[in-house]
Amino acid sequence: ASTQTASADARQPAMVQTYTPQTFVQTGAFTQEANAQIEKARLQAAGIDDVLVVPGYIRGQMFYRVQVGPLNGSPDAGLLQKLQNLGLTQYSVIQQ
């Protein structure tokens, strides 16, 4: 009868990679990339840095999401005031 021994790799605990979600403010989602780029430029002109256009599918359709971040925690009062000055009162704080 032969005996099987586990390889050294099999005895090692699996490396677990931890993922820490990051916080963003999403100001809009557009089906046209050009519209997302216009929104990005508008935010940057108002002094808002770190604006991203993030493509992704939502219910099978491509959208271009305009996001500010990643942020250190919740959006600060200065960012919220700049958004309000632009007339952006409906935005989402998201973690991804």
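Values in this document were obtained by computation on a predicted structure and should not be read as measured data. (Residues numbered from 1 in each chain as written. Predicted model: local features only at pLDDT ≥ 70, side-chain atom pairs only at ≥ 80, totals over all residues. Heavy atoms only, no water.)

A. Fine view of the side chain of Q26. Tracing the sequence through the fold places Q26 in strand β1 (residues 23-30). Side-chain polar atoms of Q26 contact the side chain of Q67, separated by 3.1 Å. If we ignore the near neighbours within four places in the chain, the residues touching Q26 are R65, V66, Q67, Y91, S92 and I94. (Helix = DSSP H or I, 4+ residues; strand = E, 2+ residues; numbered from the N terminus. Polar contact = N/O pair within 3.5 Å; in protein donor to acceptor, adjacent residues only side chain to side chain. Contact = heavy atoms within 4.5 Å.)

B. Summary view of the confidence of the model for the chain. On average, the chain scores 89 in pLDDT, and the residues at 70 or more come to 85%. Helix α2 (residues 33-45) holds the highest mean pLDDT among the elements of the chain, 98, whereas helix α1 (residues 8-11) holds the lowest, 57. (pLDDT = per-residue confidence, 0-100.)

C. Representation of the pattern of salt bridges in the model. For the structure on display, the rule yields 1 salt bridge. Close ionic contact of R42 with E39 constitutes a salt bridge, the shortest N to O distance being 3.4 Å. On the criterion of helical spacing, the pair formed by R42 and E39 is a turn pair, its members being 3 residues apart in helix α2. Here R42 falls in the partly exposed class, since its relative accessible area comes to 34%. (Salt bridge = Lys/Arg side-chain N within 4 Å of Asp/Glu carboxyl O. Buried < 20%, exposed > 50% of the residue type's maximum accessible area, 1.4 Å probe, protein only.)

D. Examining the pairing of β1 more closely. Of all 8 residues that make up β1, 6 are buried, and the element is covered over most of its length. One ladder, built from 6 bridges, connects β1 with strand β3 (residues 61-71); its direction is antiparallel. By the bridge assignment for β3, A29 is matched with R65. Pairing of β1 with strand β4 (residues 92-95) involves 4 bridges; the strand directions are antiparallel. Within β4, the residue paired with Q26 across the bridge is S92. (Pairing = 2+ DSSP bridges.)

E. Structural view of the nonpolar core. Formed by 13 residues in total, the largest nonpolar core has its most connected members in V25, L43, I48, V51, V68, L79 and L83. Elements represented by at least two residues in this core include exactly α2, β2 (51-58), β3 and α3 (77-85). It is β3 that provides the largest number of residues to this core, a total of 4 residues. Once residues within four sequence positions are removed from consideration, V68 is found in contact with T23, F24, V25, L43, I48, D49, D50, V51 and L79. (Core = buried A, V, L, I, M, F, W, Y, C linked by side-chain atoms within 4.5 Å.)

F. Seen up close, the layout of surface pockets. Of the pockets and cavities examined, the largest pocket occupies roughly 220 Å³. Lining the largest pocket we find 15 residues, and of these D49, V68, L71, D76 and L79 sit closest to its centre. Among the secondary structure elements, those contributing two or more residues to the lining of the largest pocket are β3 and α3. Among the elements that line the lining of the largest pocket, the one with the most residues is β3, at 4 residues. For the lining of the largest pocket, the class distribution of residues is 6 nonpolar, 5 polar and 4 charged. (1 Å grid on protein atoms, 1.4 Å probe; cavity = no way out; pocket = protein on both sides within 12 Å on 5 of 7 lines; lining within 4 Å. Points joined across faces, edges and corners; volume = space filled by probe spheres on them. Nonpolar A, V, L, I, M, F, W, Y, C, P; charged D, E, K, R; others polar.)

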